[in-house]
Amino acid sequence: AQKITQTQPGMFVQEKEAVTLDCTYDTSDPSYGLFWYKQPSSGEMIFLIYQGSYDQQNATEGRYSLNFQKARKSANLVISASQLGDSAMYFCAMREDSNTGNQFYFGTGTSLTVIP
Amino acid sequence: NAGVTQTPKFRILKIGQSMTLQCTQDMNHNYMYWYRQDPGMGLKLIYYSVGAGITDKGEVPNGYNVSRSTTEDFPLRLELAAPSQTSVYFCASQGQETQYFGPGTRLLVL
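Right, let's walk through the structure included here.

What the rule picks out here adds up to 17 aromatic pairs over all chains. Each member of the aromatic cluster is reached from another via a ring pair, and the members are F35, Y37, F47, Y50, F104 and F106 of chain A together with Y33, Y35, Y48, F90 and F101 of chain B. The ring of Y105 of chain A is capped by K3 of chain A, whose NZ or CZ atom sits 5.4 Å from the centre of that ring. Above the ring of Y64 of chain A, the side-chain terminus of R63 of chain A is found at 5.7 Å from the ring centroid.

Structure, rendered in structure tokens:
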């Protein structure tokens, strides 16, 4: 089974609108972390937001918020007030925590295009 | 501030050649990671390290080796390059909750 599933290969959003990028995960570990990264066409990986499995509140970082629904095992990224510079690939990732260290798993990504 | 640096930026290898991808971080992080990203795909974990002298396999370790003699450096070794190892390689180090990525190394095996 896939550890991280991103079902939207491509998304379009009008500038200044909000957009939700979907992510579901699969783990039986009680302790884990969920991440979103942005990868522009230049290729670098940029950290956006983090949610720990024990965090009670949804994480927010500026225009980014993570809609964490633990029972559904989903960790959707919400980008508010989209900007042209938000056009990029977005990857959801999960870190499984264990006594010996971490394993990281990435989804296949969602390509977001912001339309002027 | 340098963060995570990787060298080289780009390399072409012939089948069967070997090389070492270098990764250095200056943030005193214990956790470091090597990933590969194939075209149109997400990242896959090759190896990781939780501190100097300690390494462990990720999801796709075959064909690679790593060492961690210092906190700062985490080199990745390809012993017998194969066309299937054509990819972009990212090194990362982990702070409290965040992974900081290097700029990547693009490797082409012909």
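Next up on the list: the interface of chain A and chain B. Listed as interface residues are 18 residues of chain A and, on the opposing side, 20 residues of chain B. Between chain A and chain B, roughly 1,600 Å² of surface is buried when both sides are summed, and carbon and sulfur atoms account for 55% of that area. The interface formed by chain A and chain B holds 0 salt bridges in total. Our enumeration of links across chain A and chain B arrives at 3 residue pairs in polar contact (both at pLDDT 80 or more). For the side of chain A that touches chain B, the secondary structure elements donating two or more residues are β5 (32-39), β6 (46-52), β10 (88-98) and β11 (101-106) of chain A. In the side of chain A that touches chain B, the residues fall into 9 nonpolar, 8 polar and 1 charged.

Residue and element names in this part refer to chain B. The sheet built from 4 strands is open, its strands ordered β1-β3-β8-β7 with antiparallel pairing. In the strand order of this sheet, the two ends are held by β1 (4-7) and β7 (64-66), each with one partner. Strand-to-strand twist across the sheet, computed as the mean angle between neighbouring axes with direction ignored, equals 20°. Bridge analysis of β7 against strand β8 (residues 76-78) gives 3 bridges, and the strand direction is antiparallel. Note on β8: the bridge partner recorded for Y64 is L78.

Here is what the cut-offs are and how they apply
- Every chain is numbered independently, its residues counted from 1 as its sequence is written.
- For naming, the first written chain is A and the first written ligand is 1, with later ones following in the order written.
- At least 70 in pLDDT is required for a residue's local features to be given in this predicted model, at least 80 for side-chain atom pairs to be given and counted, and no such filter applies to totals for whole chains, interfaces and linings, which use all residues.
- Each side-chain value is derived from all of the structure's non-hydrogen atoms; neither hydrogens nor water enter the calculation.
- Pairing of aromatic rings covers Phe, Tyr and the six-membered ring of Trp, with a centre-to-centre limit of 6.5 Å; geometry is then stacked below 30 degrees between planes, edge-to-face above 60, and tilted otherwise.
- Only Lys NZ and Arg CZ are tested; either one counts as a charge over a ring when it is within 6 Å of the ring centre and within 35 degrees of the ring normal.
- By the convention used here, residues are in contact when the closest approach between their heavy atoms is within 4.5 Å.
- The term buried area refers to how much accessible surface (probe radius 1.4 Å) is lost by two components on association, counted for both of them together.
- Any Lys or Arg side-chain nitrogen located within 4 Å of an Asp or Glu carboxyl oxygen qualifies as a salt bridge.
- Any pair of nitrogen or oxygen atoms within 3.5 Å is treated as a polar contact; in protein, a donor-acceptor pairing is required on top of that, and neighbouring residues in sequence qualify only through side-chain atoms on both sides.
- The helix and strand labels rest on DSSP assignments: H or I over at least four residues marks a helix, E over at least two residues marks a strand, and numbering proceeds from the N terminus.
- By the convention adopted, Pro, Cys, Tyr, Trp, Phe, Met, Ile, Leu, Val and Ala count as nonpolar, Lys, Arg, Asp and Glu as charged, and the other residues, Gly among them, as polar.
- Being paired, for any two strands, means DSSP has found at least two bridges between them.
- Interaxial angles span 0 to 180 degrees and are taken between N-to-C directions of axes, which are lines fitted to C-alpha atoms, for helices over the stretch in contact.

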